[in-house]
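# Descriptive structure summary
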Amino acid sequence: MSTATLTIQQQDSAHCLHPFTNFKELNAKGARVIERGEGVFVYDSEGNKLLDAMAGLWCVNLGYGRQELVDAAAKQMQQLPYYNLFFQTTHSPAVELSTLLAELTPEGLNHAFFTGSGSECNDTVVRMVRHYWASKGQPNKLEIISRNNAYHGSTMAGASLGGMGFMHAQGGLPLPNISHIDQPYWFEEGQGQGQDPQQFGLERAQQLEQKILELGEDKVAAFIAEPIQGAGGVIIPPESYWPEIQRICDKYDILLVVDEVICGFGRTGEWFACQTYNIKPDLICLAKGITSGYLPMGAVMVCDKVAQGLTEADTEFAHGFTYSGHPAACAVAIENIRIMQQENIISHVRDDIAPYLAKRWQELASHPLVGEARSKGMVAAIELVADKSTLQRFSKEQGAGGVCRDICINNGLIMRACGDTMIISPPLVITKQQVDQLITLAKQSLDDTLQALS
Ligand code: PMP
């Protein structure tokens, strides 16, 4: 380890508290120092080149080192680095981006509320949907239904909407009036029971109806879900799932909120995953890929019905952030979308690179460690199992996912572990040759993991 790296690690341990991290464990080990990025690769301070199959945290969709995005930020910062949208003011970058988003998102979603992150989007959702129903004379419609093992962020409301037990355990969550139904995770919770995936998807969706009836139709404000659960382990729902969710939301007049923080901006081969799954949401949460992660930014897209309700209420929506509509972040988002259009990123994903990734990713299914390989667009997962014939998992103590993740990194591949589910979400601009490289590294890492675990 170089002295320069050691110095950074020591200062890091002394002063920097990392997200979702066991501080003691990290301080004993020292953090990996990432220095620069180019295309789909990042480089650490020891000169290692890593294929970033996670696009940072599901966000660097156009890859690292895009000069146009840097220039867009610099130009805007010179002209107007900051101003806010409070106190009856506005600025062109926010107006231009909200107009662009209204055009890009599905019909009827014509209003953007800007935030600084995905978590802030979901906090905004909680406050907005409750305020909407109160404005419509239904203040008792407070309940929001989400799902176990969902991820909607780390703020109090985001973590409450999320269904991660280990997060709820810290800080007394969830907040009141938020409840959870089961997830459509067939590999983990359906196939062991010998259920048909489509029947399983239907049953999981129908839990929403049961929950609405249990809570009372007049008490439920909204249902929120990721089209494909990301941080939960790239859980791709059976095709039967979303149409049934849609039917139930329509039947009971429940607002449908789709959290597209990961899936938005091309990841599933359409601009938005609600187009992939033919979902008609009332609100959509966007972040991450909106700027390819170059600057922090999020947006809640709001349908005409809700925006009209809030407008007719003729009261202040007492909510907003200093960085709502940050001009430089807006400028980067506008440029990011322009590049996506110019380079036909959506059709590249849908017709070219996602089908190629799907084909090559399936090759991993035959590995002795792999119980299932699945993908949709540019997200994919493999399930690590101890026994391929029975799909028996490894024991928790063996920590197979963590072992595999560390081996991947040592081999030059950033793949993430969610328990024993290994997941990827590569930059959308990845080439076929780089997908080949990814698969070669993944196979090698699986072989090494098998050896390490036996
Ligand atoms: N929603 C989803 C679906 C996410 O995946 C994430 C982040 N991984 C968030 C919300 C939270 O976003 P942020 O970390 O920007 O607050």
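Every chain is numbered independently, its residues counted from 1 as its sequence is written. Selection of residues for local features in this predicted model requires a pLDDT of at least 70, selection of side-chain atom pairs for listing and counting requires 80 or more, and totals for whole chains, interfaces and linings are taken over all residues.

- Going by what an unreviewed UniProt entry lists, the protein is known as Aspartate aminotransferase family protein and is assigned to Agarivorans aestuarii.
- UniProt positions are given in the numbering used here, feature names are shortened, and annotations may be inferred rather than shown by experiment. Note on the protein: under the UniProt heading Cofactor (unreviewed entry), the record states "pyridoxal 5'-phosphate".
- As its UniProt record puts it under Sequence similarities (unreviewed entry), the protein is described as follows: "Belongs to the class-III pyridoxal-phosphate-dependent aminotransferase family."

## A few points about the packing of helix α6 (residues 118–135) against helix α13 (residues 304–313)
- Running from N to C, α6 and α13 cross one another at 60°; their axes reach a closest spacing of 9 Å. Compared by their axis directions, α6 and α13 come out oblique. Helix-helix and strand crossings are classified by hand; for α6 and α13 the assignment is left-handed. Residues H131, Y132 and S135 of α6 touch α13, and the partners they reach there are V306, G309, L310 and A313.
- Residue classes in the contact of α6 with α13 are distributed as four nonpolar, three polar and no charged. Between the N-to-C directions of two axes lies an angle of 0 to 180 degrees, each axis being a line fitted to C-alpha atoms and, for a helix, fitted only over the stretch in contact. A helix here means a DSSP run of H or I that spans at least four residues, while a strand means a run of E at least two residues long, and both kinds are numbered starting from the N terminus. What sets the label is the angle itself: under 35 degrees gives roughly parallel, over 145 gives roughly antiparallel, 65 to 115 gives roughly perpendicular, and the rest give oblique. With the far helix as reference, a near helix turned anticlockwise by less than a right angle produces a left-handed crossing, and one turned clockwise produces a right-handed crossing. By definition, residue pairs are in contact when their C-beta atoms, positioned from the backbone, come within 7 Å. The classification used treats Ala, Val, Leu, Ile, Met, Phe, Trp, Tyr, Cys and Pro as nonpolar, Asp, Glu, Lys and Arg as charged, and all other residues, Gly among them, as polar.

## A short note on the domain arrangement of the protein
- These domain boundaries are the output of an automatic or database domain assignment. On domain assignment, one finds that the protein holds domain 1 (8–65 + 344–453) and domain 2 (68–342).
- For domain 1 and domain 2, the distance between their C-alpha centres works out to 26 Å.
- With 26 residues of domain 1 at the interface, the matching set in domain 2 holds 23 residues.
- Put simply, the parts of the chain that give the side of domain 1 that touches domain 2 at least two residues each are α3 (55–58), α15 (345–362), β11 (370–376), β12 (379–384) and β15 (421–424).
- Class assignment for the residues of the side of domain 1 that touches domain 2 results in 15 nonpolar, six polar and five charged.

## What to know about the sheet that holds strand β2 (residues 41–44)
- Pairing is mixed in the open sheet, where four strands are placed in the order β1-β2-β3-β13. With partners counted over all chains shown, the strands left at the sheet margins are β1 (34–38) and β13 (413–414), one partner each. Any two strands are treated as partners once DSSP identifies two or more bridges connecting them.

## Overview of the pairing of strand β9 (residues 283–286)
- Here β9 shows a buried face lined by L283 and C285 and a second buried face lined by I284 and L286.
- In this structure, strand β8 (residues 255–259) lies alongside β9, joined through three bridges in parallel fashion. Paired with V257 across the strands is L283, a residue of β9.
- Where β9 and strand β10 (residues 298–303) come together, four bridges link them in antiparallel fashion. Note that in β10 the partner of I284 across the bridge is M301. Backbone-placed C-beta atoms define the burial measure: a residue is buried with 20 or more other C-beta atoms within 10 Å of its own, exposed with 12 or fewer, and partly exposed in between.

## Focus on helix α10 (residues 197–215)
- Between its first and last C-alpha atoms α10 spans 28 Å; for 19 residues at 1.5 Å apiece the expected length is 27 Å, and the two agree.
- Among all positions in α10, only F200, G201, R204, A205, L208 and I212 are buried. Seen along its axis, α10 keeps its buried residues to an arc of 150°; they face one direction. Turned more than 90 degrees off the buried face of α10, the exposed positions are Q210, L213 and E214. For a helix, the expected span equals 1.5 Å multiplied by the number of residues minus one. To obtain the arc, one takes the directions from the helix axis to the C-beta atoms.

## Topic: the environment of Q342
- Within the secondary structure, Q342 is located in helix α14 (residues 327–342).
- The exposure class of Q342 is exposed, given the 9 C-beta atoms found within 10 Å.
- In sequence terms Q342 and F394 are 52 residues apart; their C-alpha atoms lie 46 Å from each other.

## Description of the pairing of β2
- In the sheet, β1 pairs with β2 via four bridges, with the strands oriented antiparallel. Within β2, the residue paired with G37 across the bridge is V42.
- Count of turn residues in the β1/β2 antiparallel hairpin: two residues, of which G39 carries a positive phi of about 65°.
- Taking the residues between adjacent antiparallel strands as the criterion, β2 and strand β3 (residues 49–52) are bridged by four residues, where G47 takes a positive phi near 85°.

## Examining the site of the ligand
- Surrounding the ligand, one finds 15 residues, the nearest of these being S117, G118, S119, G153 and V261.
- Sorting elements by how many residues they give to the shell around the ligand places α6 first, with three residues.
- The class makeup of the residues in the shell around the ligand is six nonpolar, seven polar and two charged. All residues are tested the same way: a C-beta atom is placed from the backbone, and lying within 6 Å of a molecule or strand makes the residue near it.

## Details of the nonpolar core
- Under the definition applied here, buried Ala, Val, Leu, Ile, Met, Phe, Trp, Tyr and Cys residues are grouped into a nonpolar core through C-beta atoms within 7 Å. Membership of the largest hydrophobic core comes to 129 residues, with the highest contact counts inside it found for V125, V129, F223, L283, V300, M301 and V332.
- By residue number, the principal contributor to this core is α14, which donates nine residues.
- Mapped onto the domain boundaries, this core takes at least three residues apiece from domain 1 (8–65 + 344–453) and domain 2 (68–342).
- The contact partners of L283, leaving out residues within four places of it in the chain, are V125, L255, V257, V300, M301, V302, C303 and V306.

## A closer look at the sheet that holds β10
- Strand order in the open sheet formed by seven strands is β4-β10-β9-β8-β7-β5-β6, and the pairing between neighbours is mixed. Only two strands of the sheet have a single partner each, and these edge strands are β4 (109–115) and β6 (178–181). Going from strand to strand, the sheet's axes swing by 25° on average, the running direction of each strand aside.
- Its contacts with the sheet put α10 on β5 (143–147), β6 and β7 (220–225), and the angle it makes with β6 is roughly 145°.
- The strands that α13 touches are β4, β8, β9 and β10; relative to β10, the one it contacts most, it runs at about 90°.

## Remarks on the environment of G233
- Relative to the helices and strands, G233 is located in the loop between β7 and α11 (241–252).
- The sequence separation of G233 and E143 amounts to 90 residues, and the corresponding C-alpha distance is 26 Å.
- Not counting chain neighbours up to four residues away, the residues in contact with G233 comprise A381, C418, G419, T421 and I423.

## Re unusual backbone geometry
- Cis peptide bonds are those with omega within 30 degrees of zero, and the linkage from L173 to P174 qualifies with 0°.
- The residue P174 is located in the loop between α8 (165–168) and β6 in this model.
- You will see that N149, though not glycine, has its phi angle at about 65°, which is positive.
- Relative to the helices and strands, N149 is located in the loop between β5 and α7 (156–161).
- Overall, N149 belongs to the buried group, with 21 C-beta atoms counted inside 10 Å.

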